Amino acid sequence: MRSLVTGGAGFLGSHLCERLLAEGHEVICLDNFFTGRKAHVAPFLSHPRFELVRHDVIDPIKLEVDRVYNLACPASPVHYQHNPIKTIKTSILGAVNALGLAKRVKARAFLASTSEVYGDPEVHPQPESYWGHVNPIGIRSCYDEGKRCAETLYFDYHREHGLPIRVARIFNTYGPRMLPDDGRVVTNFIVQALKGEDLTVYGEGQQTRSFCYVDDLIDGFVRLMEQEETVGPVNLGNPSEFTILELAEKVIAMTKSSSKIIHLPLPADDPQQRRPDISLAKKVLDWEPKVPLEEGLERTVTFFREMLS
Ligand code: NAD
Ligand code: UDP
């Protein structure tokens, strides 16, 4: 089995490469290193079944593979808003190119979609049947609408060409190998707490998120790719929901930090609540997250302590 992982040098991509290598796959990791790092995959470079390719997914590429995991796209709001036109091109042209490649070699095509397709949701928790509440012209739209269009492309290739697809809607996931300046909430709070800086809670901190540890998520990816019952979309995430203020307090307590909490303005269109309904994943993948937030945070704090020391 030969697998292509686009965005393979990123946070989730590098964990997926590691898992696929452990399962005996040949792995081609493709990345333009925008938010990915060679260091994330450096331990695999000497592996006989691993190849690293510098390539931008907005350009087509021909490779002989059996599985195409399409993860290439910055995921942190700070990064995807840095160059929004590039972000939407990455989602849409990256999907067209991943699908064209998969069709040519009859590979199975997996899309790393997102809970952002639900926008600022009016249905809670969010099941896959919910069509979402997304601003099409706001600062998050380059990401949200890019992923929504990518999903459309995957389903049209499936309907029109019979291409085998698998679409995962990923909810907030965290863990080792996130970048210290990633900008997402878990890393911001951990790095701030370890450095003794103020923790920056946006708004009142009453907005909620549900945080999944990376190992649980990657297990869901592989199960979704290899089962035959559904093409998706399937929600993958941890249904335990916390306010952002609760997360800040947990991180301060866990790191025994002297940091204080400060409040900064809430960014535009910031979703007020988010929690996955994972009934479908439980049923068809026999999957649910195993790592509770405290345990996942401990492992992530250990990673950043070592990095910052
Ligand atoms: P990340 O930013 O760490 O990884 C993205 C990777 O894609 C990086 O290695 C980056 O260099 C690469 N990339 C970006 N643009 C590219 C391009 N044009 N060509 C080639 N490579 C490119 O983010 P992540 O958290 O690992 O997210 C991976 C995927 O999962 C993304 O598609 C993201 O939308 C999706 N996702 C992640 C989360 C999460 O909580 N981590 C939630 C929902 C969806
Ligand atoms: N957030 C925060 N402080 C930070 C970073 C993020 O309060 O330093 C908030 C942000 O406003 C949002 C939540 O944490 O409500 C999750 O933000 P993140 O960027 O991690 O992901 P997303 O909004 O895409 O779920």
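Located above this text is the structure these notes cover.
I will try to describe carefully the structure that is included in this document.

Definitions and limits used
Residues numbered from 1 in each chain as written. Chains lettered and ligands numbered in written order. Predicted model: local features only at pLDDT ≥ 70, side-chain atom pairs only at ≥ 80, totals over all residues. Heavy atoms only, no water. Helix = DSSP H or I, 4+ residues; strand = E, 2+ residues; numbered from the N terminus. Buried < 20%, exposed > 50% of the residue type's maximum accessible area, 1.4 Å probe, protein only. Salt bridge = Lys/Arg side-chain N within 4 Å of Asp/Glu carboxyl O. Core = buried A, V, L, I, M, F, W, Y, C linked by side-chain atoms within 4.5 Å. Contact = heavy atoms within 4.5 Å. Near = heavy atom within 4 Å. Polar contact = N/O pair within 3.5 Å; in protein donor to acceptor, adjacent residues only side chain to side chain. Areas by Shrake-Rupley, 256 points an atom, 1.4 Å probe, with all protein chains shown as cover. Nonpolar A, V, L, I, M, F, W, Y, C, P; charged D, E, K, R; others polar. Pairing = 2+ DSSP bridges. Axes fitted to C-alpha atoms, helices over the stretch in contact; angles between N-to-C directions. Phe/Tyr/Trp six-rings, centres within 6.5 Å; stacked < 30°, edge-to-face > 60°.

## Points about unusual backbone geometry
Comment: phi is negative for the bulk of residues other than glycine, and the bulk of peptide bonds are trans.
For step 1, the next point in the chain: Omega for the peptide link from His124 to Pro125 comes to -10°, which places this bond in the cis form.
For step 2, the next point in the chain: The amide bond that connects Gly232 to the next residue, Pro233, takes the cis arrangement and shows omega of 0°.
For step 3, the next point in the chain: If you trace the backbone, Pro233 turns up in the loop between α7 (214-226) and β11 (234-236).
For step 4, the next point in the chain: Even without being glycine, Phe33 reaches a positive phi, approximately 60°.
For step 5, the next point in the chain: Checked against the element boundaries, Phe33 lands in the loop between β2 (26-31) and α2 (38-41).
For step 6, the next point in the chain: Using a relative accessible area of 14% as the deciding quantity, one classes Phe33 as buried.
For step 7, the next point in the chain: Phi is positive for Asp269, which is not a glycine, with a value near 65°.
For step 8, the next point in the chain: Structurally, Asp269 is set in the loop between β13 (261-264) and α9 (279-285).
For step 9, the next point in the chain: When its relative accessible area of 35% is taken as the criterion, Asp269 is described as partly exposed.

## Here we look at the pattern of salt bridges
For step 1, the next point in the chain: Taken as a whole and judged by the stated rule, the model has 22 salt bridges.
For step 2, the next point in the chain: Between Arg148 and Glu145 there is a salt bridge, with the nearest N and O atoms lying 3.5 Å from each other. One end of the pair is Arg148 and the other is Glu145, both in helix α5 (residues 141-161) and three residues apart, which spans about a single turn.
For step 3, the next point in the chain: Among the residues examined, Arg148 registers a relative accessible area of 28% and is labelled partly exposed.

## Some remarks on the nonpolar core
For step 1, the next point in the chain: Residues Leu16, Tyr69, Phe110, Phe221, Leu236 and Leu297 are the most contacted members of the largest nonpolar core, which totals 59 residues.
For step 2, the next point in the chain: Once residues within four sequence positions are removed from consideration, Tyr69 is found in contact with Ser3, Leu4, Val5, Thr6, Leu16, Leu20, Phe110, Phe221, Val222, Met225 and Glu226.
For step 3, the next point in the chain: Within the second largest apolar cluster, 25 residues are counted, among which are Leu99, Leu111, Leu153 and Leu163.

## Overview of the site of ligand 2
For step 1, the next point in the chain: Lining the immediate surroundings of ligand 2 are 18 residues, of which Thr200, Tyr202, Arg209, Asp270 and Arg274 lie closest.
For step 2, the next point in the chain: Residue Thr200 places a main-chain N or O atom 2.6 Å away from a nitrogen atom belonging to ligand 2.
For step 3, the next point in the chain: Here an oxygen atom of ligand 2 sits 2.7 Å away from a polar atom, N or O, in the side chain of Arg274.
For step 4, the next point in the chain: Within the complex, the protein chains bury 96% of what would otherwise be the 510 Å² of accessible surface of ligand 2.
For step 5, the next point in the chain: Counting only elements with at least two residues in the shell around ligand 2, the list comes to α6 (185-195) and β8 (199-202).
For step 6, the next point in the chain: Looking at the shell around ligand 2 residue by residue, the class counts come to seven nonpolar, five polar and six charged.

## Regarding the site of ligand 1
For step 1, the next point in the chain: Neighbouring residues of ligand 1: 30 residues in total, closest Asp31, Thr35, Tyr143, Lys147 and Thr173.
For step 2, the next point in the chain: Residue Asp31 places a side-chain N or O atom 2.5 Å away from an oxygen atom belonging to ligand 1.
For step 3, the next point in the chain: Note that an oxygen atom of ligand 1 is positioned 2.8 Å from one of the backbone N or O atoms of Leu71.
For step 4, the next point in the chain: Here ligand 1 has 820 Å² of accessible area as a free molecule, and 97% of this is covered by the chains.
For step 5, the next point in the chain: At three residues, strand β5 (residues 108-114) tops the list of elements feeding residues into the shell around ligand 1.
For step 6, the next point in the chain: Split by residue class, the shell around ligand 1 holds 14 nonpolar, 11 polar and five charged.

## Thoughts on the sheet that holds β2
For step 1, the next point in the chain: What the seven strands build is an open sheet, ordered β3-β2-β1-β4-β5-β6-β11; its pairing is parallel. Each having just a single partner strand, β3 (50-54) and β11 make up the two edges of the open sheet. Between one strand axis and the next, the sheet turns through 20° on average, direction left out of account.
For step 2, the next point in the chain: In terms of strand pairing, strand β1 (residues 2-6) meets β2 through five bridges, oriented parallel. Counterpart to Ser3 in the pairing with β2 is Val27.
For step 3, the next point in the chain: Those strands touched by helix α1 (residues 11-22) are β1, β2, β3, β4 (67-70) and β6 (165-170), and its axis lies near 170° from that of β1.
For step 4, the next point in the chain: Across the sheet, α5 touches β4, β5 and β6, and the angle it forms with β5 is around 155°.

## Here we look at the packing of aromatic side chains
For any pair of aromatic rings, geometry is given as the distance between the ring centres together with the angle between the planes.
For step 1, the next point in the chain: As enumerated under the stated definition, the model contains eight aromatic pairs in all.
For step 2, the next point in the chain: A ring pair is formed by Phe44 and Phe50, whose centres lie 5.6 Å apart and whose planes are at 70°; its orientation type is edge-to-face.
For step 3, the next point in the chain: A relative accessible area of 8% means that Phe44 is categorised as buried.
For step 4, the next point in the chain: Aromatic pair Tyr118 and Tyr130: ring centres 5.9 Å apart, planes at 20°, arrangement stacked. Remark: Tyr130 occurs in the loop between β5 and α5 and Tyr118 occurs in the loop between β5 and α5; sequence separation between them is 12 residues. The exposure classification of Tyr118 matches that of Tyr130, with both residues buried.

Honestly, it's all geometry; don't read function into it.
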